[in-house]
Amino acid sequence: MRQRIIGTDPATRRGVSALALGTMLMGTRTDEKTSFAILDRYVEAGGTFLDTSNNYAFWEGQDRGGQSEELIGRWRRSRGVGDELFIATKLGARPLAPGTSYTDNAEGLSARAIREASEASRERLGLERIDLLYSHIEDRKTPLEETVEGFADLVKEGSVGLLGVSNHSAWRVERARALAAAAGLPGYEVLQYQHSYLRPRTDIGDPLCRYGNIGGAGSDLLTYLEAEPGLVLVAYTPLLSGAYTRTDKPLGRDYDHPGTAARLAVLKEVAAETGATPNQVVLAWQLGHELPIIPLVGASSVEQLEESLGALDLELTEDQRARMDAAS
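Residues numbered from 1 in each chain as written. Predicted model: local features only at pLDDT ≥ 70, side-chain atom pairs only at ≥ 80, totals over all residues. Heavy atoms only, no water.

Caption draft 1: Quick look at the overall build of the chain. Across its full length, the chain carries 10 helices and 10 strands. The C-alpha radius of gyration computed for the chain amounts to 19 Å, which stays within 12% of the reference 20 Å derived for 328 residues, consistent with globular compactness. Projected onto its principal axes, the C-alpha coordinates of the chain cover approximately 55 × 45 × 45 Å. Buried positions account for 52% of the 328 residues belonging to the chain. The long-range share in the chain, meaning contacts at least 24 apart out of those at least 6 apart in sequence, stands at 75%. For the chain, the exposed surface amounts to about 14,500 Å²; the carbon and sulfur share of it is 48%. Of note, the chain has its 35 positive side-chain charges centred 2 Å away from the centre of its 47 negative side-chain charges. (Helix = DSSP H or I, 4+ residues; strand = E, 2+ residues; numbered from the N terminus. Rg over C-alpha atoms; globule rule 2.2 N^0.38 Å. Buried < 20%, exposed > 50% of the residue type's maximum accessible area, 1.4 Å probe, protein only. Contact = heavy atoms within 4.5 Å. Areas by Shrake-Rupley, 256 points an atom, 1.4 Å probe, with all protein chains shown as cover. Lys, Arg positive; Asp, Glu negative; His and termini not counted. Charge placed at Lys NZ, Arg CZ, Asp CG, Glu CD.)

Below is the structure:
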């Protein structure tokens, strides 16, 4: 599988597979046997980049999460997997008590929370070092300086390799990176946000921000990525949970605008021209994007993963890409 370099420091940067595998529902909705089969096939295909979080998937039961990390730990031990894989996890959004959520009772991003959560994740994953650790959601109650220093301490100690950020306002990302740079500390180098071919509305608020969804890679974040060549975007939910191809997975109200129909029409045309599925065209569009994008795909079966892997062999022509980009 083709590779992409993430990170700028020679001491911590790594080559990872161009397609990352999300494990959010492994250990809960996706049973262990199926999860192990998906992980085995991904590695067999040359995949090296696994993504999880310490709160996955608390909403599937009355626990606080951690089931995905635990499953990866069991799979690693059963397969004898070492540091040849690149494993990313997140902290900050784990509920402090069962039955609560990240919207009302999150662990937060204090220095103490960062240290305790990262140590617990390493134990569940069976790792001495987390390759990439994300700040999952914003914590406006903790001074940003404390959060920046808390993450940097883990890198300096060697228990974390690279730092990333997800679901933060672009100005908060820049402020955190500026604080880190001014203090000579390692800062965020990987951005994980929702990104796909269809463009969502940006005016619909959610529990994390009443003014709009800050978890999506909108114009502010994409232009920031363009201006900072050392950054990489890991794009979650690139296939919109199956909505491109499944009638039982309709697009939500975020995509209820005129531009959606125009882009879907071009997507259908390109899929017909290439003989690929719409999902594969979307992933190929991301993989060949002028911005450094790593699609993060999930799968509940080996068959779903196989479809995504097929996108790695799909090369869009300049004309096809131009038509897709121009549709609006």
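Caption draft 2: Looking closely at empty space enclosed by the protein. Counted by the stated rule, this structure contains 2 cavities of 30 Å³ or more. The computed volume of the largest cavity comes to approximately 50 Å³. Along its surface, the largest cavity is lined by Thr147, Val148, Phe151, Leu163, Ala176, Ala180, Pro186, Gly187 and Tyr188. Elements with a contribution of two residues or more to the lining of the largest cavity: helix H4 (144–157) and helix H5 (170–182). (1 Å grid on protein atoms, 1.4 Å probe; cavity = no way out; pocket = protein on both sides within 12 Å on 5 of 7 lines; lining within 4 Å. Points joined across faces, edges and corners; volume = space filled by probe spheres on them.)

Caption draft 3: Representation of the nonpolar core within the structure. Membership of the largest hydrophobic core comes to 59 residues, with the highest contact counts inside it found for Phe49, Leu50, Tyr197, Val281 and Met324. Per-element tally for this core: the top contributor is helix H8 (residues 278–287), with 6 residues. Leave out the neighbours within four places in its chain, and Val281 touches Leu267, Val270, Ala271, Thr274, Ala276, Leu314, Leu316 and Met324. The next biggest cluster of nonpolar side chains, apart from the first, holds 31 residues, and it includes Ile130, Tyr193, Ala217 and Leu291. (Core = buried A, V, L, I, M, F, W, Y, C linked by side-chain atoms within 4.5 Å.)

Caption draft 4: Just helix H6 (residues 219–227), in detail. Of all the positions in H6, only Leu221, Tyr224 and Leu225 are classed as buried. Looking straight down H6, one finds that the buried residues subtend no more than 100° of arc, so they occupy a single side. Within H6, the exposed residues directed more than 90 degrees away from the buried face are Ser219, Glu226 and Ala227. Those residues of H6 that are buried lie in contact with H5, strand S8 (188–194) and strand S9 (232–236). (Arc of directions from axis to C-beta.)

Caption draft 5: The arrangement of the layout of surface pockets in detail. Estimated volume of the second largest pocket: approximately 900 Å³. As for the second largest pocket, its lining consists of 37 residues, of which Ala217, Gly218, Ser219, Asp220 and Leu222 are closest to the centre. Mapped by element, the contributors of at least two residues to the lining of the second largest pocket are H5, S8, H6 and helix H10 (318–326). When residues in the lining of the second largest pocket are grouped by element, the largest group, 6 residues, is from H6. A class-by-class count of the residues in the lining of the second largest pocket yields 14 nonpolar, 14 polar and 9 charged. (Nonpolar A, V, L, I, M, F, W, Y, C, P; charged D, E, K, R; others polar.)

Caption draft 6: A look at the sheet that holds S8. Within the closed barrel, the 8 strands sit side by side as S3-S4-S5-S6-S7-S8-S9-S10. Their pairing is parallel. Taking the axes of each pair of neighbouring strands and ignoring which way they run, one obtains an average angle of 30° across the sheet. The sheet contact formed by strand S3 (residues 20–22) and strand S10 (residues 293–297) spans 2 bridges and is parallel. Each residue of the ladder has a partner; that of Ala20, found in S10, is Leu296. This element, helix H1 (residues 32–44), spans S3 and strand S4 (49–51) of the sheet and lies at about 175° to S3. Against the sheet, helix H3 (residues 111–125) makes contact with strand S5 (86–91) and strand S6 (130–135), and its axis sits at roughly 140° relative to S5, the strand it touches most. (Pairing = 2+ DSSP bridges. Axes fitted to C-alpha atoms, helices over the stretch in contact; angles between N-to-C directions.)

Caption draft 7: Summary view of the side chain of Gln192. With respect to the secondary-structure elements, Gln192 resides in strand S8. In this structure the side chain of Gln192 is engaged in a polar contact, spanning 3.3 Å, whose partner is the side chain of Tyr134. Contacts of Gln192, omitting those with residues within four sequence positions, involve Asp51, Lys90, Tyr134, Val165, Ser166, Asn167, Val234, Tyr236 and Leu296. (Polar contact = N/O pair within 3.5 Å; in protein donor to acceptor, adjacent residues only side chain to side chain.)

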